[in-house]
Amino acid sequence: MRGESGPEVAFEDRMATTEFRVAPGAHITIDGDTCRGCTTRECITACPANLFAPMADGGVLFSYEQCFECGTCYLVCNEKGAITWNYPVGGAGVAYRRS
Amino acid sequence: MPTERYDAVVVGAGPAGSLAALVLARAGKSVCLLERGPYPGAKNLYGGVVYGRVLDAIIPEWTDEAPIERWVTRRVTMVLTKTQSLAVDFRSAAWGAPPYNGATALRPAFDSWLAGRAEREGATLVTSTTATKLLRDPAGRVGGVSTDRPEGDIESRIVIACDGVNSFIAREAGLAPPLESAQCTLGVKEVRALPAGEIERRLALAPGEGADFEILGGTGGVAGGGFLYTNAESLSVGVVLVLDDLARSGRRPEELLAELSGHPAIAPLLAGSELVEYGAHLIPEAGLAMMPKLAGDGILVAGDAAGMCLAAGLFLEGVNFAMASGALAGRAAAEALERSDTSASGLSGYAKLLQSSFVLADHRKLRRAPDLVMSERMQRRYPALLCNLAEELFTVRNPEPKRGLFELARPARKRAGLRRRDLARDAWDIWRTFG
């Protein structure tokens, strides 16, 4: 059964328990040049949805589809303006059922 | 949606927004309650316990009507080290009967119910609609919001920003500076399904009664805390992490939550439960220090958008502060509309109402709590001191004779890395903060 007990549940299975209504466009944008020069890249580990991934060229790759819309990424980003973050279009995004 | 006109637009149908809309509608004002989620509560995640006392005067039948999961009759305050735990386990039969104290509730159900109550009073709820910017008249005063609907401008004499911790509306209005990571913690939560009878057996609860665990320590090297609450047929377990500390640590939030869930004092409660929802939300943690200007020309701010969540160690409350501030914003707005003066000074009654209510009184009283609770000594050294002391006290070392508490305290204090003068200073700090 998906999401069976135990802390070792795979991250994709963990994320699959939550409903996301995916918007046609991203509500996060990042400035690739700034991210390539970033030495801390704290967004990668701090994002609870694990949406940020390091790229081989030193940049940061992100996805928006399974975003909790919490705001952690833009707050921990120490390069002003590297992450621009807004709310998804109305009706889209995370739709909690049991929170 | 053609341009519409209301006395007031409330942005966000959470507990603050729905109460603001309800109070305005009850006063005979036309109100539009905007919600960007497909239903109220879709974007909202909390621990969760709701303290509904503030509803007694506004919705007297709330205890019968609200979608409550369980009435909390057991409150456990717990400190953890990696292998130990020490708890104060308080139970009250009184909390299981009217007028009750705290209740667990799921936010999509609870927030939808509250918004429905506002609708019943005449408010117009519009879901799946994001407010994108403020409308302003040539003089710069706020006169409504633009939305992401085609021709979706909504004109109003007052806007009440109840748009949550990130509040882009309060910031656009110039009432709040940009949000800072140091003002926030990150709450990360799992909801784990378990049959009602099993929850009651494990937590030693009567049917319909609930437990609330507040946990200090157990969040790895990251400052914060943990919680475990019983819903009707699920457990909510989570960690609250100081955002800067989390970012610096390089740890993953779900790993820290897994550590707490795997703690010997917590794991047996969760065994065999099934993960049914995972989520995260920021918590405005800084209290008074992060509160924005509460009113501008044509605009008020309430709830998490105004930093009104109370995160003060012993007390972790938010929904009640949101509901109370929302209701007072609605009242101040209705009075300003009556006088046809919705300028910042015409709306200044809101701050006065808050000052004389528990909302600002509690925040003033507990203004030192956030820093104290997140300090390194409270986070790590005191949990270790208390647990070590308990272990020494209750470990039988026959044939060695028992040692007195005083004799045990010194080595336990030293092992926890605390000096005598730290204890004196912290005792004074705790007294000043909570006394």
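The structure displayed is predicted, hence computed values, not measured ones. (Residues numbered from 1 in each chain as written. Chains lettered and ligands numbered in written order. Predicted model: local features only at pLDDT ≥ 70, side-chain atom pairs only at ≥ 80, totals over all residues. Heavy atoms only, no water.)

**Considerations on the interface of chain B and chain A**
Rules: Contact criterion: two residues are considered in contact whenever any of their non-hydrogen atoms come within 4.5 Å of each other. We define buried area as the total accessible area lost by two parts upon association, computed with a 1.4 Å probe and summed across both. Any Lys or Arg side-chain nitrogen located within 4 Å of an Asp or Glu carboxyl oxygen qualifies as a salt bridge. Two N or O atoms count as a polar contact when they lie within 3.5 Å, although within protein this holds only if one can serve as hydrogen donor and the other as acceptor, and sequence-adjacent residues are included solely when both atoms are side-chain atoms. Numbering of helices and strands starts at the N terminus; helices are DSSP runs of H or I of at least 4 residues and strands are runs of E of at least 2. Here the nonpolar group is Ala, Val, Leu, Ile, Met, Phe, Trp, Tyr, Cys and Pro; Asp, Glu, Lys and Arg are the charged ones; every other residue, Gly included, is treated as polar.
With 51 residues of chain B in contact, the opposing surface of chain A contributes 45 residues. Across the chain B/chain A interface, buried area totals approximately 4,000 Å², and carbon plus sulfur atoms make up 52% of it. For chain B, the biggest contributors to the area lost against chain A are B:Arg252, B:Glu277 and B:Tyr278; these three give 16% of the whole. Linking chain B with chain A are three salt bridges, by the criterion used here. Notably, a salt bridge pairs B:Lys43 with A:Glu69, separated by 3.1 Å at the nearest N-O pair. Across the chain B-chain A interface, the total number found is 27 residue pairs in polar contact (both at pLDDT 80 or more). Every element with two or more residues in the side of chain B that touches chain A is listed here: α3 (107–120), β11 (184–193), α6 (243–249), α7 (253–261) and β15 (274–284) of chain B. Of the residues forming the side of chain B that touches chain A, the biggest block, nine residues, is contributed by β15(B). Of the residues belonging to the side of chain B that touches chain A, the class tally is 22 nonpolar, 14 polar and 15 charged.

**Thoughts on the domain arrangement of chain B**
What counts, and what does not: The split into domains, and so the bounds of each, comes from an automatic or database assignment of domains.
For chain B, the domain assignment lists domain 1 (4–69 + 105–177 + 292–366), domain 2 (182–283) and domain 3 (375–434). Relative placement of domain 1 of chain B and domain 3 of chain B: their C-alpha centres are 45 Å apart.

**Here's the deal with the nonpolar core**
Heads up, the condition is: As used here, the term nonpolar core means buried Ala, Val, Leu, Ile, Met, Phe, Trp, Tyr and Cys residues forming a set that is joined through side-chain atoms within 4.5 Å. Throughout this description, buried means an accessible area under 20% of the type-specific maximum (1.4 Å probe, protein chains only), exposed means over 50%, and partly exposed covers the range between.
Counting 86 residues, the largest nonpolar core has B:Leu55, B:Phe110, B:Val145, B:Ile160, B:Met308, B:Met323 and B:Tyr350 as the members making the most contacts within it. Broken down by element, the residue count for this core peaks at 13 residues, all from helix α9 (residues 319–338) of chain B. Filtering out sequence-adjacent residues up to four positions away, B:Met308 remains in contact with B:Met291, B:Leu294, B:Gly303, B:Phe321, B:Ser325, B:Tyr350, B:Leu354, B:Val359 and B:His363. Counting 61 residues, the second-largest nonpolar core is a separate cluster that includes A:Ile28, A:Leu51, A:Leu75 and B:Leu243.

**Describing the packing of α9(B) against helix α11 (residues 358–365) of chain B**
Residues and elements named next belong to chain B. In plain terms, the rule: Lines fitted to the C-alpha atoms define the axes, with helices restricted to the stretch that makes contact. Angles between their N-to-C directions range from 0 to 180 degrees. Angle categories are assigned with fixed cut-offs, so that under 35 degrees is roughly parallel, over 145 is roughly antiparallel, 65 to 115 is roughly perpendicular, and the rest are oblique.
Contact geometry of α9 with α11 gives a least axis separation of 9 Å together with a crossing angle of 135°. In terms of orientation, α9 and α11 fall into the oblique class. Judged by residue contacts, Asn 320, Phe 321, Ala 324 and Ser 325 of α9 engage Phe 358, Val 359, Asp 362 and His 363 from α11.

**Some remarks on the pattern of salt bridges**
Residues and elements named next belong to chain B. Considering all chains together, one arrives at 35 salt bridges over all chains under this definition. Its salt-bridge partner being Glu 259, residue Arg 251 comes within 2.6 Å of it at the nearest N-O pair. A cluster of three or more residues bridged by salt bridges with shared partners is formed by Glu 61, Glu 65, Arg 117 and Arg 120.

**Overview of the packing of aromatic side chains**
Under the convention used in this document: In this scheme Phe, Tyr and Trp rings, the latter by its six-membered ring, pair at centre separations within 6.5 Å, and the angle between planes marks the pair as stacked below 30 degrees, edge-to-face above 60, and tilted otherwise.
Overall, the coordinates contain 16 aromatic pairs over all chains when judged by the stated rule. An angle of 70° between the planes, with centres 5.7 Å apart, marks the rings of A:Trp85 and A:Tyr87 as edge-to-face. The two residues A:Trp85 and A:Tyr87 agree in class, both being buried. Within the aromatic cluster, the residues linked to one another by ring pairs are A:Phe11, A:Phe20, A:Phe68, A:Tyr96 and B:Tyr278.

**Some words on unusual backbone geometry**
Here B:Pro98 and B:Pro99 are connected by a cis peptide whose omega angle stands at 5°. One can find B:Pro99 in the loop between β5 (85–91) and β6 (102–104). Here the residue pair B:Asn398 and B:Pro399 is connected by a cis peptide bond, since its omega of 5° sits within 30 degrees of zero. For B:Pro399, the location among the structural elements is in the loop between α13 (376–394) and α14 (405–415). Here the phi dihedral of A:Arg41 falls at roughly 45°; this positive angle occurs in a residue that is not glycine. Among the structural elements, A:Arg41 can be located in the loop between α2 (32–36) and α3 (42–46). With phi around 55°, B:Ala204 is a residue other than glycine that occupies positive phi space. With respect to the helices, strands and loops of the structure, B:Ala204 is situated in the loop between α5 (196–202) and β12 (209–216).

**A closer look at α13(B)**
Threshold: Multiply 1.5 Å by the residue count of a helix minus one, and that product is the helix's expected span. Throughout, the bend at a residue refers to the angle made by two axes, fitted to the seven residues ending there and to the seven starting there.
A rise of 1.5 Å per residue sets the reference length of α13(B), with its 19 residues, at 27 Å; its end C-alpha atoms lie 27 Å apart and thus fit the reference within 8%. B:Tyr382 marks the point of greatest bend in α13(B), at about 30°, and the proline B:Pro383 comes within the next four residues.

**Re the side chain of B:Asn388**
Residues and elements named next belong to chain B. By the secondary structure assignment, Asn 388 is in helix α13. Residue classification places Asn 388 among the buried residues on the basis of a relative accessible area of 9%. Those residues within four positions of Asn 388 in sequence are excluded, and the remaining contacts are Gln 84, Ala 412 and Arg 415.

**Description of the pairing of strand β8 (residues 131–136) of chain B**
All names here are of chain B. Counted only if it meets this: Two strands form a pair only when DSSP identifies at least two bridges running between them.
As defined by bridge partners, β8 adjoins strand β9 (residues 142–147) across four bridges and the pair is classed as antiparallel. In the strand pairing of β9, Leu 134 is matched with Val 145. The turn linking β8 back onto β9 is made up of five residues, and Gly 140 within it adopts a positive phi angle of 95°.

**Considerations on the pairing of β12(B)**
All names here are of chain B. The element β12 is largely enclosed, with a buried count of seven among its eight residues. Inspection of the sheet shows strand β4 (residues 70–80) paired to β12 by eight bridges, in the parallel sense. Residue Met 78 lies in a different strand from β12, and its bridge partner there is Ile 215. Relative to strand β13 (residues 224–230), β12 runs antiparallel, the two being bridged by five bridges. What sits directly across from Ile 215, in β13, is Gly 226.

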